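Coordinate analysis (summary)
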Amino acid sequence: MSQQFDFADLRRRMDGAIHAFQGDLAGLRTGRASPSLLDPILVDAYGSQMPINQVANITVPEPRMLSVSVWDKSMVGAVEKAIRDSTLGLNPMTDGTNVRVPLPELNEERRRELAKIAHQYAENARIAARHVRRDGMDTLKRLEKDGELGQDDSRSKSDDVQKLTDETISQIDALLADKEQEIMHV
């Protein structure tokens, strides 16, 4: 079975690692309100766990306030409980079919904790990029061993894979630095 080396696939997978990292960072709470802050929250709805954005509309009426408009009146209590029980440390208030979620100021200790979590997310993204690199390098070695790719071509493509990995990791580091600055900004 002949296997081809697909550089575009490696690029797509590395972009996927960056995209996943950006999604993780969006869920980290900073000083300002963002609808994506509640994305990781799952609500007990209709006998199963559903993402909060599938049972309610989330808006930002003020810089330090989220408004969650629940579509089904019977779900208001479940949405409020899910927000309260989440690890975000939020205290929602029910107002009819709306759940208002004020975002308290972050203290220094909580900011440092969030920065550590951001570093963990960044390390996971770097590991994912390295796994993609390893897969690409293994494919190149296999093709070279099978005689389908010359040694010079293999080295050239290996250098390209390494450059792509370095670019991806530097993008991850830049995103981390921006998020860390955003978290630590008082």
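Every value quoted in this text rests on a predicted model; they were computed, and no experiment measured them.

Definitions and cut-offs
Just so you know, the residues in each chain are numbered from 1, in the order the chain's sequence is written. A pLDDT threshold of at least 70 governs which residues receive local features in this predicted model, and a stricter bar of 80 or more applies before side-chain atom pairs are shown or counted, although totals over entire chains, interfaces and linings include all residues. Water and hydrogen atoms were dropped before computing side-chain values, which therefore reflect all heavy atoms in the structure. Helix and strand labels come from DSSP, where a helix needs a run of H or I of at least four residues and a strand needs a run of E of at least two; each type is numbered from the N terminus. Salt bridge, as applied in this entry: a Lys or Arg side-chain nitrogen positioned within 4 Å of an Asp or Glu carboxyl oxygen. To estimate how far a helix should reach, multiply one less than its number of residues by 1.5 Å. The buried label applies to any residue whose accessible area, calculated with a 1.4 Å probe on protein chains only, is under 20% of its type's maximum; exposed applies above 50%, and partly exposed to all values in between. In what follows, residue pairs with any heavy atoms lying within 4.5 Å of each other are defined as contacts. Think of it this way: DSSP has to see at least two bridges between two strands before they count as a pair. To obtain an axis, a line is fitted to C-alpha atoms, over the contacting stretch when the element is a helix, and the angle between two such axes runs from 0 to 180 degrees between their N-to-C directions. The cut-offs work like this: below 35 degrees is roughly parallel, past 145 is roughly antiparallel, 65 to 115 is roughly perpendicular, and the gaps in between are oblique. Residues are sorted three ways: Asp, Glu, Lys and Arg are charged, Ala, Val, Leu, Ile, Met, Phe, Trp, Tyr, Cys and Pro are nonpolar, and all the rest, Gly among them, are polar.

**Thoughts on unusual backbone geometry**
Notably, Tyr46 is not glycine yet its phi reads approximately 55°, a positive angle. Summarising the element assignment, Tyr46 is placed in the loop between β1 (42–45) and β2 (48–51).

**Quick look at the pattern of salt bridges**
Following the criterion strictly, the structure yields 11 salt bridges and no others. Taking the shortest distance from any N to any O, the salt bridge between Asp135 and Arg13 comes out at 2.6 Å. Linking Asp135 in helix α3 (residues 108–145) with Arg13 in helix α1 (residues 7–26), this pair joins segments that are 122 residues apart in sequence. Notably, a salt bridge pairs Asp173 with Arg126, separated by 2.7 Å at the nearest N-O pair. With Asp173 in helix α4 (residues 151–184) and Arg126 in helix α3, this residue pair connects regions lying 47 residues apart in the sequence.

**Observations regarding α3**
Taking 1.5 Å of rise per residue, the 38 residues of α3 would be expected to cover 56 Å, and the 55 Å separating its terminal C-alpha atoms lies within 8% of that figure. Just past α3, the residue Gly147 takes up positive phi, approximately 80°.

**Some words on the side chain of Thr168**
For Thr168, the location among the structural elements is in helix α4. Here Thr168 falls in the buried class, since its relative accessible area comes to 2%. In this structure Thr168 touches Met14, Ile18 and Ala129, once residues within four positions along its chain are discounted.

**Comments concerning the environment of Arg11**
Take Arg11: it is sitting in helix α1. Once the C-alpha coordinates of Arg11 and Val70 are considered, the two residues, 59 residues apart in sequence, prove to be 40 Å apart. Here Arg11 is in contact with Leu164 and Glu167, once residues within four sequence places are set aside.

**Overview of the sheet that holds strand β5 (residues 93–95)**
Two pairing modes exist for strands in a sheet, parallel and antiparallel, and in both the strands are linked by backbone hydrogen bonds. Strand order across the open sheet formed by four strands is β3-β4-β6-β5, with antiparallel pairing between neighbours. Of all the strands in the sheet, the pair left with one neighbour each is β3 (56–62) and β5. The sheet shows a mean angle of 25° between the axes of neighbouring strands, direction not considered. The sheet contact formed by β3 and strand β4 (residues 65–70) spans five bridges and is antiparallel. Bridging from a neighbouring strand, Ile58 pairs with Val68 of β4.

**Points about the packing of α1 against α4**
Look at α1 against α4: their axes get within 11 Å of each other, and the N-to-C directions meet at 10°. As judged from the angle between their axes, α1 and α4 are roughly parallel. Counting all contacts with α1, which are made through Phe7, Leu10, Arg11, Met14, Ile18, Phe21, Gln22 and Leu25, the residues of α4 involved are Asp160, Val161, Leu164, Thr165, Glu167, Thr168, Gln171, Ile172, Leu175, Leu176 and Lys179. Classifying every residue of the contact of α1 with α4 gives 11 nonpolar, four polar and four charged.

**Some thoughts on the environment of Thr165**
Turning to its location among the elements, Thr165 is positioned in helix α4. For the pair formed by Thr165 and Val99, sequence separation is 66 residues and the distance between their alpha carbons is 44 Å. Excluding residues within four positions of it along the chain, Thr165 makes contact with Met14, Ala129 and Arg133.

**A look at the pairing of β2**
Relative to β2, β1 runs antiparallel, the two being bridged by four bridges. Counted as the bridge partner of Leu42 is Pro51 from β2.

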